[in-house]
Amino acid sequence: MRSGRLPPAGTVRFRADAWPLPALAAWAVCWIVFACLRSAGASAGFAVGVSALAGAALATGASTPWRRVFVASGFPLSLLASGAAGDLAAWAWLLPLAALALLYPVTSWRDAPMFPTRRGALAGLGKRVALPEGAAILDAGCGLGDALRELHREYPHARCVGVERSRPLAFAAALRCRFASVDPGDMWAADWSRYDLVYVFQRPESMARAAEKAARELRAGAWLASLEFEVTTLRPTEVIDCGTGGRKLWLYQAPRRPR
């Protein structure tokens, strides 16, 4: 249990680092830089380039890789939407939105955006968590299959299964991971009770939901493995230092113990 003084009654805590405030602040800085350069007589190209570089520099302070992408891309996208590309047909703006909806369905936007598990990120998992030959492993939200490959390296004799809501991504993962079974579907609707280990690489906001589902469905002795993000309400059974940018692999074996 974390200790600390409670705020006086009636007060509201304001966190300057609460998402998406850092992104909004970074975009505002980029626009200020752009406006100052243009008012000083700089060319549009130079002003855009410097402002975009400022956004990229500010993005390095974001907490997750996907948030860094949002911070860095916010200014260029807002500049385009503001009319700087006025010669572009209006209907053309629908093309990237349609491609995004096809690749990443709107119903999955509450989950973590696609970000691959790095090569070697699960190194040592097979030694720390011994699974029987033929064990069933689920990559919940497998994306392009990078984590499936890492899981297969750690457990070459296991039966690997991936589930991915995006059909194009599921199809690509199936092509890349011929050793695995990849199904297009909702990771939250999949039955986790059939698996000896369920792997997730989600986001902090999704971990409570993953923990609740694991508590309902994982059988005794099965494992929930979460890359980078821990379940703050549970005591981990094992924690592996992945050695990839300070990331950790949080392991919880059913039944899990509360903190």
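Up top is the structure these notes are about.
Before going into details, it helps to say that this report is about the structure given with it.

Cut-offs used in this document
Residues numbered from 1 in each chain as written. Predicted model: local features only at pLDDT ≥ 70, side-chain atom pairs only at ≥ 80, totals over all residues. Heavy atoms only, no water. Pairing = 2+ DSSP bridges. Helix = DSSP H or I, 4+ residues; strand = E, 2+ residues; numbered from the N terminus. Axes fitted to C-alpha atoms, helices over the stretch in contact; angles between N-to-C directions. Phe/Tyr/Trp six-rings, centres within 6.5 Å; stacked < 30°, edge-to-face > 60°. Buried < 20%, exposed > 50% of the residue type's maximum accessible area, 1.4 Å probe, protein only. Lys NZ or Arg CZ within 6 Å of the ring centre and 35° of its normal.

Topic: the sheet that holds strand β4 (residues 197-200)
Picture the strands of a sheet paired through backbone hydrogen bonds; they go either parallel or antiparallel.
Okay, step 1: Strand order in the open sheet made by the 7 strands is β3-β2-β1-β4-β5-β8-β7, with mixed pairing throughout. Every other strand in the sheet has two partners, leaving β3 (181-184) and β7 (238-241) as the edge strands with one partner each. Mean inter-strand twist for the sheet, computed between neighbouring axes without regard to direction, equals 20°.
Okay, step 2: As paired strands, strand β1 (residues 136-140) and strand β2 (residues 159-164) are joined by 5 bridges and run parallel to one another. Looking at the pairing, L138 lines up with V161 of β2.

Points about the packing of aromatic side chains
Describing an aromatic ring pair means giving the distance of the ring centres and the angle of the ring planes.
Okay, step 1: Counted according to the given criterion, the structure contains 3 aromatic pairs.
Okay, step 2: When the centroid spacing of 5.6 Å and the interplanar angle of 85° are considered together, the rings of W31 and F34 count as edge-to-face. Placement of the pair is W31 and F34 together in helix α1 (residues 21-39), with a separation of 3 residues, close to one helical turn.
Okay, step 3: On the accessibility criterion, W31 (31% relative accessible area) is partly exposed.
Okay, step 4: A residue is classified by how much of its surface remains accessible, and F34, at 14% relative accessible area, is buried.
Okay, step 5: Cation over ring: K213 sits above W192, and NZ or CZ is 5.3 Å from the ring centre.

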